[in-house]
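Working through the structure, step by step
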Amino acid sequence: MDQENTRFSVKLYIYDLSKGMARQLSPALLGKRLDGIWHTAIVIHGEEFFFGGEGISSCPPGGTFLGQPNSIVDLGETEVNEDLFMNYLTSLGESTYRAETYKLFEHNCNTFSNEVAQFLTGSKIPSYITDLPSEVLSTPFGQALLPLLDSVAITPPGSSSINGHYGQR
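Here's a quick rundown of the structure.

Each value, and the rule that gives it
- Residues numbered from 1 in each chain as written.
- Predicted model: local features only at pLDDT ≥ 70, side-chain atom pairs only at ≥ 80, totals over all residues.
- Heavy atoms only, no water.
- Helix = DSSP H or I, 4+ residues; strand = E, 2+ residues; numbered from the N terminus.
- Buried < 20%, exposed > 50% of the residue type's maximum accessible area, 1.4 Å probe, protein only.
- Contact = heavy atoms within 4.5 Å.
- 1 Å grid on protein atoms, 1.4 Å probe; cavity = no way out; pocket = protein on both sides within 12 Å on 5 of 7 lines; lining within 4 Å.
- Points joined across faces, edges and corners; volume = space filled by probe spheres on them.
- Nonpolar A, V, L, I, M, F, W, Y, C, P; charged D, E, K, R; others polar.
- Phe/Tyr/Trp six-rings, centres within 6.5 Å; stacked < 30°, edge-to-face > 60°.

**What about the overall build of the protein chain?**
From N to C terminus, the protein chain includes six helices and six strands. Reading the helices (α) and strands (β) of the protein chain from amino to carboxyl end gives β-α-β-β-β-β-α-α-α-α-α-β. Expressed as a percentage of the 169 residues in the protein chain, the buried residues total 43%. Pairs at least 24 residues apart make up 75% of the contacts formed inside the protein chain by residues separated by at least 6 positions.

What follows is the structure, given as structure tokens:
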């Protein structure tokens, strides 16, 4: 098969970290309803890639303790092959997405998924996901929790770190 004409499917896996609790509790706590606390990952080349407190990680699709995603969005296709993609991720893992750069509200799994989606397909992930931190922080309760929550780093167990270790996943 001609490698230059090969296209690869790109999916966004969306998980609700609250397992439905955000929908129930957010009106009382925030004064507005949130449908979920979203964790996202990009699935390409048979692996799920995401960013958390340990940096960029990967696992088989649906392979973290979160189980199967709440929803899957088809982001389209890319011509970026696995070698080029892994080199790109290694570069991100050594610069923008090092473990110590993780910030729950500013630089998180959704920031990563959005950037990688744009690199692969030219498309962004849904805005209801990327807008969630500003929605929470626009409330008095969100502002009160900011110092505590900003120190939280989320990394779903069941993954392997890939930062700077191309070929050693």
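**Side note on the layout of surface pockets**
If a probe as big as a water molecule is rolled over the atoms, it shows which places are left empty. In this model, the largest pocket occupies a volume close to 560 Å³. Around the largest pocket, the lining is made up of 28 residues, and of these Ile 37, Phe 105, Leu 132, Val 136 and Leu 149 lie nearest the centre. Elements with a minimum of two residues in the lining of the largest pocket: α1 (21–30), β2 (38–44), α3 (109–121), α5 (132–137) and α6 (140–149). For the lining of the largest pocket, the element with the most residues is α1, which contributes six residues. In terms of residue class, the lining of the largest pocket is made up of 22 nonpolar, six polar and no charged.

**Describing the packing of aromatic side chains**
Applying the stated criterion across every chain, the model contains nine aromatic pairs. Taken together, a centroid distance of 5.3 Å and an interplanar angle of 75° make the contact between Tyr 97 and Phe 112 edge-to-face. Remark: Phe 112 occurs in helix α3 and Tyr 97 occurs in the loop between α2 (82–94) and α3; sequence separation between them is 15 residues. Assessed through its relative accessible area of 0%, Tyr 97 is described here as buried. Relative accessible area serves as the criterion here: at 0%, Phe 112 is assigned to the buried category. Through pairs of rings, three or more aromatic residues link up here, namely Phe 49, Phe 85, Tyr 88 and Phe 119.

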